[in-house]
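If you want the building blocks of each chain, they are given just below.
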Amino acid sequence: MPIKVYMTNIASNQLTIGNQRKLKHILDTNKIDYNEIDISDAKNSNEKEFLQRTLASLNQKMSLPYVFNEEQYCCDFEGISSAVESNSLKEILKLDN
């Protein structure tokens, strides 16, 4: 099952836009399947609510992008960056191989 990447297509913050682009590049380069979920799209309102509830329970603020494996929180962009540097990307994404 592909991981879920929560993003937005209407970000005006250049840091968010850049981090989303870098995250997708990292996943693509490592051939990791993912579903991109645009929380700015009204059809994804249930996913947006899930993300908000989960982040609130973890005392995290909304700072896209976020990565989940099914319903389990994996990391934000900083977590992905750290995992790449420490060669632990598959572990942080909770992937078997």
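Being a predicted model, the structure only gives us computed values, none of them experimental. (Residues numbered from 1 in each chain as written. Predicted model: local features only at pLDDT ≥ 70, side-chain atom pairs only at ≥ 80, totals over all residues. Heavy atoms only, no water.)

## Some thoughts on the pairing of strand S4 (residues 72–76)
Now for step 1: The pairing of strand S3 (residues 66–69) with S4 spans four bridges and is antiparallel. The partner of Asn 69 across the bridge, within S4, is Gln 72.
Now for step 2: Taken together, S3 and the strand that follows it, S4, pair antiparallel across an intervening segment of two residues, in which Glu 70 is found at a positive phi of about 55°. (Pairing = 2+ DSSP bridges. Helix = DSSP H or I, 4+ residues; strand = E, 2+ residues; numbered from the N terminus.)

## Details of helix H3 (residues 77–85)
Now for step 1: Of all the residues in H3, the buried ones are Phe 77, Gly 79, Ile 80, Ser 81 and Ala 83.
Now for step 2: On the buried face of H3, the contacting elements are helix H1 (14–29), S3, S4 and helix H4 (89–92).
Now for step 3: The opening residue of H3 is Asp 76, an N-cap whose side-chain oxygen sits 3.2 Å from the backbone nitrogen of Glu 78.
Now for step 4: Of the residues trailing H3, Asn 87 is marked for its positive phi of about 55°. (Buried < 20%, exposed > 50% of the residue type's maximum accessible area, 1.4 Å probe, protein only. Contact = heavy atoms within 4.5 Å. Polar contact = N/O pair within 3.5 Å; in protein donor to acceptor, adjacent residues only side chain to side chain.)

## Digging into the pattern of salt bridges
Now for step 1: Applying the stated criterion to the full structure yields three salt bridges.
Now for step 2: When the shortest N-O distance is used, the salt bridge between Glu 47 and Lys 4 registers 3.6 Å. A residue pair is termed long-range when its members are at least 10 positions apart, and Glu 47 in helix H2 (residues 45–57) and Lys 4 in strand S1 (residues 3–7) qualify at 43 residues.
Now for step 3: Look at Glu 47 and you get partly exposed, because its relative accessible area is 22%.
Now for step 4: Residue Lys 4 is classed as buried on the basis of its relative accessible area of 13%.
Now for step 5: Between Glu 36 and Lys 24 there is a salt bridge, with the nearest N and O atoms lying 3.4 Å from each other. Of this pair, Glu 36 sits in strand S2 (residues 34–38) while Lys 24 sits in helix H1, placing them 12 residues apart in sequence.
Now for step 6: When its relative accessible area of 36% is taken as the criterion, Glu 36 is described as partly exposed.
Now for step 7: Connected via shared salt-bridge partners are Lys 4, Glu 47 and Glu 71. (Salt bridge = Lys/Arg side-chain N within 4 Å of Asp/Glu carboxyl O.)

By themselves, these figures tell us nothing about what the structure is for.
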